[in-house]
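# Descriptive structure summary
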Amino acid sequence: SFQILKNSDLMSEDRILYLEIFQPFAQYRNPFTFYYAQTYPLPPKSTIIGMLQNALDDWYGHKRGVDEWWKLKVSVHGGFESVFWNYQQLIKGDVELRTNGGNVELWNQKRPLYGQGLKSQRTPVYQQELFNGRLFIFIRGDKEFITGIKAALQKPKKILSLGRSEDVIFIQKVKIVEPEEAKPVNKSLWMTYPTYIMKETKENEERKEFPIKNKRYPVYSIPLKVVFKNKNKPIKSKAEITKNTERKPIFATVVHSTYQSVIYLKEEIEVERIEVGDKTFKIPVKWGWLHE
């Protein structure tokens, strides 16, 4: 379910962390595509939270707690220089460790992945990939939590990735920022950078749609949250993953704006403005922060 956030509620949050990232290649897999692997234009919230958990060595939230991670609010902006197609042969299905003649081997489809003779089959798949991206990400949450994330990202202990393990990122700026007080906008909203805007939120059991008038922007269903569970209990480490582990995602529909886009509005909304150097970001209070 979605929960609407009032401006006063957002302002009570202690800190907003700003991340400026360069990413040479990326593929944020859209799970609703089957004959080819489409990528989302920007990383979903679940992907960003996964990157942060990796940076803090807190996979699955076993240190901080699963709920604390997903309480963080995210606003992602930016884009990539171009899109291209990559033809790959991927392994489908489960990969298992087996002992064969005293050797430990990887098996799939009842055959070894590597070696002489018959091997498990690879499936040819077209993957849509992104090239040369600049991302501007805002993380909003508890003061102490945000401070810990900031410290981990300023001096990362490992190479970080966003999306696939090979999609490495280069963090160019990490800083705490303060938004201006939210102001009403009643006719149009000029967005400098592409961003995700939630299509609807929910307050007191009533759904509230983002009041966009010119419905010409693409819409995606992105994962906000992904929890792995064994018998309805969240796991705490990779060692707990079995064939029976359930992957439970929560999706939300978002509008994806484009560069220098003008969004015409049906009614007045409140918008936060954040300036970082020569860059200005506008975030609709109720719809611009990705949250459950």
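The structure this text deals with has already been given above.
Let me begin by describing the structure that accompanies this report. (Residues numbered from 1 in each chain as written. Predicted model: local features only at pLDDT ≥ 70, side-chain atom pairs only at ≥ 80, totals over all residues. Heavy atoms only, no water.)

On to the overall build of the protein chain. Looking only at helices and strands, one finds 4 helices and 18 strands in the protein chain. When its C-alpha atoms are laid out on the principal axes, the protein chain stretches across 70 × 40 × 40 Å. Across the 292 residues that make up the protein chain, the buried fraction comes to 46%. Of the contacts made within the protein chain by residues no fewer than 6 positions apart, 78% connect residues no fewer than 24 positions apart. In the form shown here, the protein chain has an accessible surface area of approximately 15900 Å², with 49% of it arising from carbon and sulfur atoms. Charge separation in the protein chain, taken as the distance between the mean sites of 47 positive and 34 negative side-chain charges, equals 5 Å. (Helix = DSSP H or I, 4+ residues; strand = E, 2+ residues; numbered from the N terminus. Buried < 20%, exposed > 50% of the residue type's maximum accessible area, 1.4 Å probe, protein only. Contact = heavy atoms within 4.5 Å. Areas by Shrake-Rupley, 256 points an atom, 1.4 Å probe, with all protein chains shown as cover. Lys, Arg positive; Asp, Glu negative; His and termini not counted. Charge placed at Lys NZ, Arg CZ, Asp CG, Glu CD.)

Counted according to the given criterion, the structure contains 15 salt bridges. A salt bridge links Arg 64 to Glu 144, with the nearest nitrogen and oxygen atoms 2.7 Å apart. Within this pair, whereas Arg 64 is found in the loop between helix H2 (45-55) and helix H3 (66-71), its partner Glu 144 is found in helix H4 (residues 143-154), the two being separated by 80 residues in sequence. Across the salt bridge formed by Glu 129 and Arg 164, the nearest N and O atoms sit 3.4 Å from each other. Taken together, the residues span a long stretch of sequence, with Glu 129 in strand E6 (residues 123-141) and Arg 164 in the loop between H4 and strand E7 (170-177) at a distance of 35 residues. Through salt bridges that share partners, Glu 129, Arg 164, Glu 166 and Asp 167 make up one connected network. (Salt bridge = Lys/Arg side-chain N within 4 Å of Asp/Glu carboxyl O.)

Scanning the entire structure with this criterion turns up 1 cavity of 30 Å³ or more. Here the largest cavity is characterised by a volume of approximately 40 Å³. Lining the largest cavity are His 77, Trp 190, Met 191, Thr 192, Tyr 193, Thr 280, Phe 281 and Lys 282. Of all the secondary structure elements, the ones that give two or more residues to the lining of the largest cavity are strand E9 (188-191) and strand E18 (279-284). For the lining of the largest cavity, the element with the most residues is E18, which contributes 3 residues. When its residues are assigned to classes, the lining of the largest cavity shows 4 nonpolar, 3 polar and 1 charged. (1 Å grid on protein atoms, 1.4 Å probe; cavity = no way out; pocket = protein on both sides within 12 Å on 5 of 7 lines; lining within 4 Å. Points joined across faces, edges and corners; volume = space filled by probe spheres on them. Nonpolar A, V, L, I, M, F, W, Y, C, P; charged D, E, K, R; others polar.)

On the basis of relative accessible area, Arg 164 is assigned to the buried category, the value being 15%. Of the polar contacts made by the side chain of Arg 164, one reaches the side chain of Asp 167; its length is 2.8 Å. The residues touching Arg 164, leaving out its near neighbours within four places in the chain, are Ala 26, Gln 27, Gln 88, Gln 127 and Glu 129. (Polar contact = N/O pair within 3.5 Å; in protein donor to acceptor, adjacent residues only side chain to side chain.)

Bringing the nonpolar core into the picture now. Among the nonpolar cores identified, the biggest contains 40 residues, and Leu 19, Met 51, Leu 52, Ile 137, Ile 139, Ile 149 and Leu 153 are the most heavily contacted of them. Ranked by residue count, the leading element in this core is H2, at 5 residues. In this structure Ile 137 touches Leu 17, Tyr 18, Leu 19, Ile 21, Ile 48, Val 74, Ser 75 and Val 76, once residues within four positions along its chain are discounted. With 13 residues, the next largest nonpolar core counts Leu 189, Ile 197, Tyr 217 and Ile 269 among its residues. (Core = buried A, V, L, I, M, F, W, Y, C linked by side-chain atoms within 4.5 Å.)

Among the secondary structure elements, Lys 215 is positioned in the loop between strand E12 (206-209) and strand E13 (219-230). Taking C-alpha positions, Lys 215 is 9.0 Å from Tyr 264, a pair spaced 49 residues apart along the chain.

Moving on, we get to the packing of H2 against H4. The description of two packed helices rests on the angle between their axes and on the distance between the axes. Between H2 and H4, the shortest axis-to-axis distance is 9 Å and the interhelical angle comes to 75 degrees. The orientation of H2 relative to H4 falls into the category roughly perpendicular. In this structure, H2 contributes Met 51, Leu 52 and Ala 55 to the contact, and H4 contributes Ile 149, Ala 152 and Leu 153. Split into classes, the residues belonging to the contact of H2 with H4 amount to 6 nonpolar, no polar and no charged. (Axes fitted to C-alpha atoms, helices over the stretch in contact; angles between N-to-C directions. Parallel < 35°, antiparallel > 145°, perpendicular 65-115°, else oblique.)

On to the sheet that holds E13, then. The 4 strands lie next to each other as E10-E15-E13-E14, forming an open sheet whose pairing is antiparallel. The two strands at the open ends of the sheet, each matched to only one other strand, are strand E10 (196-198) and strand E14 (233-234). Of the strand pairs in this sheet, E13 and E14 are connected by 2 bridges, and their pairing is antiparallel. Note on E14: the bridge partner recorded for Lys 229 is Pro 234. (Pairing = 2+ DSSP bridges.)

Attention shifts here to the environment of Leu 52. Looking at the element boundaries, Leu 52 is found in helix H2. If sequence neighbours within four positions are ignored, Leu 52 has contacts with Leu 19, Trp 69, Ile 139, Ile 149 and Leu 153.

Moving on to the pairing of strand E1 (residues 15-26). Burial runs high along E1: 10 of the 12 residues are buried. Note that E1 and E6 share 11 bridges and pair antiparallel. Among the inter-strand pairings, Ile 21 is bridged to a residue of E6, identified as Leu 135.

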